[in-house]
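Structural characterization, general
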Amino acid sequence: MQFNKLFKKTMKVVIISDVHNNLVRLKKVLDFCQKEKVAGIISCGDLASKETLTFLKTNFIGSVWHVLGNMDKDFLKEKLTKIIKEENSIIFPDYGEVFLNGKRAAFTHFPQRAQELFSLEKYQVVFYGHTHCPWLSRKKDTYLINPGNVAGERFKATFALWEVEKNLFHLLSVD
């Protein structure tokens, strides 16, 4: 038996929020993604500019799913109301959904919207941002998770790693 067959590789997804144009810290997250062979990034809003989204997409080879936050002014000026698919990314105006290896996840920027999605009990996990404060709670088989903020504003700079098949979550420091 080959060694590789003994261990099933798990899909890894990084969850970020509230980057606020801090490209130095975002680059640290992307370096982690490359080192750990992360397949996708879920962004829970407040990249804060199209330039930051472009930086994210051009420095990460996996899939990027981004939902708008209150600081995503470039997109809000355009009154984005529909899902936009481009290159390796999808932008959602209110909340997004992904179905990865048998797990259904929803993500949004705002805590109230996250609570609404969480209460539906149709997702294994709901991610959100806005508060900048890391958070994890669980009800039955659904997790509600805030990865904190990449910018390091008000709280330490953090992001989350999701091992999808195992449904394991890790809070990681950016610095």
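Attention in this report is confined to the structure presented alongside it. These figures come from a predicted structure and were not determined experimentally.

1. Remarks on the side chain of Asn 167
One can find Asn 167 in the loop between strand S11 (158-163) and strand S12 (168-173). Sequence-distant contacts of Asn 167, that is, excluding residues within four places in its chain, are made with Lys 103, Gln 124, Tyr 143 and Trp 162.

2. Section: the packing of helix H2 (residues 23-35) against helix H3 (residues 50-58)
Running from N to C, H2 and H3 cross one another at 25°; their axes reach a closest spacing of 11 Å. Taken together, the axis directions place H2 and H3 in an arrangement best described as roughly parallel. For the crossing formed where H2 meets H3, the hand is right-handed. Here Leu 23, Leu 26, Lys 27 and Leu 30 of H2 lie close against H3, whose contacting residues are Thr 52, Phe 55 and Leu 56. Residue composition of the contact of H2 with H3, by class: five nonpolar, one polar and one charged.

3. What about the sheet that holds strand S8 (residues 125-127)?
Strand order in this open sheet of five strands is S6-S7-S8-S10-S9, and the pairing throughout is mixed. Lying at the two open borders of the sheet, with one neighbouring strand each, are strand S6 (95-100) and strand S9 (135-139). The mean inter-strand angle of the sheet, taken between neighbouring strand axes irrespective of direction, is 20°. With three bridges joining them, S8 and strand S10 (residues 142-146) adopt parallel strand pairing. Paired with Val 126 across the bridge in S10 is Leu 144.

4. Describing the pattern of salt bridges
Overall, the coordinates contain 13 salt bridges when judged by the stated rule. A salt bridge links Asp 175 to Lys 28; its shortest N-O distance comes to 3.1 Å. Note that Asp 175 is positioned in the segment after S12 and Lys 28 in helix H2, a separation of 147 residues in sequence. Given the relative accessible area of 54%, Asp 175 is considered exposed. Its relative accessible area of 39% is what places Lys 28 among the partly exposed residues. Notably, a salt bridge pairs Lys 57 with Glu 87, separated by 3.6 Å at the nearest N-O pair. Residue Lys 57 is found in helix H3, and its partner Glu 87 is found in the loop between strand S4 (84-86) and strand S5 (89-92); the two are separated by 30 residues along the sequence.

Rules of the game
Residues numbered from 1 in each chain as written. Predicted model: local features only at pLDDT ≥ 70, side-chain atom pairs only at ≥ 80, totals over all residues. Heavy atoms only, no water. Helix = DSSP H or I, 4+ residues; strand = E, 2+ residues; numbered from the N terminus. Contact = heavy atoms within 4.5 Å. Axes fitted to C-alpha atoms, helices over the stretch in contact; angles between N-to-C directions. Parallel < 35°, antiparallel > 145°, perpendicular 65-115°, else oblique. Left-handed = near helix turned anticlockwise from the far one by under 90°. Nonpolar A, V, L, I, M, F, W, Y, C, P; charged D, E, K, R; others polar. Pairing = 2+ DSSP bridges. Salt bridge = Lys/Arg side-chain N within 4 Å of Asp/Glu carboxyl O. Buried < 20%, exposed > 50% of the residue type's maximum accessible area, 1.4 Å probe, protein only.

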